[in-house]
Amino acid sequence: MTAPLVLGIETSCDETGIGLVRGHELLADSVASSVAEHARFGGVVPEVASRAHLEAMIPAFERAVEKAGVTPRQIDAVAVTAGPGLQGALLVGVAAAKAYALALGKPFYGVNHLAAHIAVDQLEHGALPDEAVALLVSGGHSSLLLVHDVTANVTPLGATIDDAAGEAYDKVARVLGLPFPGGPPIDKAARDGDPEAIRFPRGKYHDGTLDFSFAGLKTAVARWVEARQAAGEPVPVSDVAASFQEAVVDVLTRKAVAACADNGVDDLIIGGGVAANSRLRALAAQRCEAKGIRLRIPRPGLCTDNGAMVAALGAEIVKRQVEPSWLDIPADSALPVTEVIVRSGEPVTT
Ligand code: KG4
Ligand code: ZN
């Protein structure tokens, strides 16, 4: 029997993502980004993102259906990011998903963006292990999670106490005069730089927790650059980028490996936009190999926000024959990582 065809819709930030997935098979992944519209502001402007989602939604859906070679009627279930993310942006996706589900007469699932960043790895590396640590690093989140079942059992182990890793990349890029979003240009500039040129602080490195802190690092980079500029000296952009990046990925990988050891877990999954980073991927591979940890990171295109990840999580939920969400569910900008499926708009007591 062929697995159900699941439509995934993602609009939590500035990417309008539509994915079509059958089991672990990716049939289509159509992403329309409004990033160029935000670039001159140095960050995502929520209202601009919401309007861009509205305009991109139907064309992105049509492209995905065409790419997958299916008709809308063949879709068996609709999954959408219900949170966390920008409230107005989420609302567009949630409303569209409800409309598609109603029009097609198919079940509707409001799901968690963070769990989707983990579930997407199934499209590339097959079924998730029974137990894994997940390092989730994006523009809005930096967390370590213990994952027993990505559809139902995700436990936080640690998180950033201030900036997210991606946020630090974006802010440091601005200081260095690099474009937004900062991750890709810093990744690129760092390739020509010396990661040991400047010893930037590694927040919470030795504190024994699984939490992160990147605000101090970001400030240290800004102060260092300002001091050079005040002295009338040129800023060695590649060296600053490489040294900053080394500080970020050193802490991320150290704590991810520690989380595996603390919990007796042999599998690490890394997801979220920052997981596209070439140095993070290389250092994680090196440190995991040294500790006998199996490492899974989706290809870069599946790390940044997309609809396929939502469809991948939806497919896993449908496979478990979980009851669908009610059509009254809200978009929840602060949805906790432990709530993988938003069931109904009624207050939930647990
Ligand atoms: O997961 P994502 O697409 O959106 C959120 O859920 O936030 O992550 C976006 C973040 C941005 O901060 C961006 O700068 C960062 O991911 N990013 C990277 C790279 N590509 C994207 N950070 C470091 N290196 C990259 N290659
Ligand atoms: Zn994301």
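Note on numbering: residues in each chain are counted from 1, in written sequence order. Each chain is given a letter, starting from A, and each ligand a number, starting from 1, according to the order in which they appear as written. With pLDDT at 70 or above as the cut-off, local features in this predicted model cover only qualifying residues; side-chain atom pairs require 80 or more to be listed or tallied, and sums for whole chains, interfaces and linings still use all residues. Note that water and hydrogens are dropped before the side-chain values are worked out from all heavy atoms of the structure.

1. A short note on the domain arrangement of the protein chain
Here's step 1: Once the domains are mapped, the protein chain shows domain 1 (5-120 + 306-342) and domain 2 (130-299).
Here's step 2: For domain 1 and domain 2, the distance between their C-alpha centroids amounts to 26 Å.
Here's step 3: When two components associate, each loses some accessible surface as probed by a 1.4 Å sphere; the sum of these losses over both components is called the buried area. In total, domain 1 and domain 2 occlude about 1,600 Å² of area from one another, counting both sides; carbon and sulfur atoms represent 76% of this.
Here's step 4: Any Lys or Arg side-chain nitrogen found within 4 Å of a carboxyl oxygen on Asp or Glu counts as a salt bridge. Linking domain 1 with domain 2 are one salt bridge, by the criterion used here. In this document the domain limits rely on a domain assignment from an automatic tool or a database.

2. Digging into the state of the cysteines
Here's step 1: Only a pair of cysteine sulfur atoms within 2.5 Å counts as a disulfide in this structure description. Considering all chains together, one arrives at zero disulfides under this definition.
Here's step 2: Here Cys13 stays unpaired: no disulfide links it, and the sulfur of Cys303, its closest cysteine neighbor, is 16 Å away.
Here's step 3: Buried, partly exposed and exposed residues are distinguished by accessible area as a fraction of the type maximum, computed with a 1.4 Å probe on protein chains only: under 20%, between the cut-offs, and over 50%, respectively. Given a relative accessible area of 23%, Cys13 falls into the partly exposed group.
Here's step 4: Not engaged in a disulfide, the cysteine Cys288 finds its nearest cysteine sulfur in Cys260; these two sulfurs lie 6.3 Å apart.

3. Some thoughts on the nonpolar core
Here's step 1: The biggest cluster of nonpolar side chains holds 48 residues, and the ones touching the most others in it are Leu135, Phe244, Leu252, Leu268 and Ile270.
Here's step 2: Broken down by secondary-structure element, the contributors of at least two residues to this core are β6 (132-137), β7 (142-149), α6 (165-175), α7 (183-190), α8 (215-230), α9 (237-263), β9 (267-271) and α10 (278-291).
Here's step 3: Helix and strand labels come from DSSP, where a helix needs a run of H or I of at least four residues and a strand needs a run of E of at least two; each type is numbered from the N terminus. If one sorts the elements of this core by residue count, α9 sits on top with 13 residues.
Here's step 4: Contact partners of Leu268, with chain neighbours within four places excluded, come to Val133, Leu135, Ala256, Cys260, Cys288, Ile293, Arg294, Leu295 and Arg296.
Here's step 5: Throughout this description, the term nonpolar core refers to a set of buried Ala, Val, Leu, Ile, Met, Phe, Trp, Tyr and Cys residues connected via side-chain atoms within 4.5 Å. Core analysis: the second largest hydrophobic core is formed by 36 residues, Tyr109, Val147, Val310 and Ile341 among them. By definition, residues are in contact when any of their heavy atoms lie within 4.5 Å.

4. Describing the sheet that holds β9
Here's step 1: Judged by pairing direction, the sheet is mixed, and its five strands sit side by side in the order β8-β7-β6-β9-β10 without closing on themselves. Both outer strands of the open sheet, β8 (153-159) and β10 (294-296), are each paired with one neighbouring strand and no more. Pairs of neighbouring strands in the sheet enclose a mean axial angle of 25°, with direction left out of account.
Here's step 2: Strand pairing is defined by DSSP finding a minimum of two bridges between the two strands. With six bridges connecting them, β7 and β8 associate as antiparallel partners. The residue of β8 that forms the bridge with Leu145 is Pro156.
Here's step 3: To obtain an axis, a line is fitted to C-alpha atoms, over the contacting stretch when the element is a helix, and the angle between two such axes runs from 0 to 180 degrees between their N-to-C directions. Relative to β6, α9 is tilted by about 155°, and along the sheet it contacts β6, β7, β8 and β9.

5. Here's the deal with the site of ligand 1
Here's step 1: With respect to spatial proximity, 20 residues lie near ligand 1, and among them Gly139, Asp170, Gly183, Asn277 and Asp305 are the closest.
Here's step 2: Pairs of N or O atoms are called polar contacts if they sit within 3.5 Å, as long as, within protein, a hydrogen donor faces a hydrogen acceptor (for residues adjacent in sequence, only side-chain-to-side-chain pairs). Here an oxygen atom of ligand 1 sits 3.5 Å away from a polar atom, N or O, in the main chain of Gly140.
Here's step 3: In the environment of ligand 1, an oxygen atom lies 2.9 Å from a nitrogen or oxygen atom belonging to the side chain of Asp305.
Here's step 4: To be clear on the numbers: accessible area is Shrake-Rupley with a 1.4 Å probe, and residue cover counts the displayed protein chains and nothing else. Protein contact buries 89% of the 550 Å² of open area that ligand 1 shows by itself.
Here's step 5: Those elements that provide at least two residues to the shell around ligand 1 are α4 (113-119), α6 and α7. Put simply, a residue is near a molecule or strand once any heavy atom of it comes within 4 Å of that molecule or strand.

6. Let's talk about the side chain of Ser243
Here's step 1: Mapped onto the secondary structure, Ser243 falls in helix α9.
Here's step 2: At 3.1 Å, the side chain of Ser243 forms a polar contact with the backbone nitrogen of Ile198.
Here's step 3: Not counting the four nearest positions on each side in its chain, Ser243 is found in contact with Asp194, Pro195, Glu196, Ala197, Ile198 and Phe200.

7. Let's talk about α6
Here's step 1: All of the buried residues in α6 are Ala165, Gly166, Ala168, Tyr169, Val172 and Ala173. On an axial view of α6, the arc spanned by its buried residues comes to 155°, and they lie on one face.
Here's step 2: Those residues of α6 that are buried lie in contact with β6, β7, α7, α8 and α9.
Here's step 3: In the stretch just after α6, Gly177 is the one whose phi turns positive, near 75°. The reported arc concerns the directions from the helix axis to the C-beta atoms and nothing else.

8. What to know about the packing of α8 against α9
Here's step 1: Look at α8 against α9: their axes get within 11 Å of each other, and the N-to-C directions meet at 165°. It follows that α8 is roughly antiparallel to α9 by the angle criterion. Read as a crossing pair, α8 and α9 show a hand that is right-handed. In this structure, α8 contributes Leu217, Val221, Trp224 and Val225 to the contact, and α9 contributes Val240, Phe244, Ala247 and Val248. Each angle gets one of four labels, with under 35 degrees taken as roughly parallel, over 145 as roughly antiparallel, 65 to 115 as roughly perpendicular, and the rest as oblique. By convention, the crossing between two helices is left-handed when the near helix turns anticlockwise from the far helix through less than a right angle, and right-handed when the turn is clockwise.

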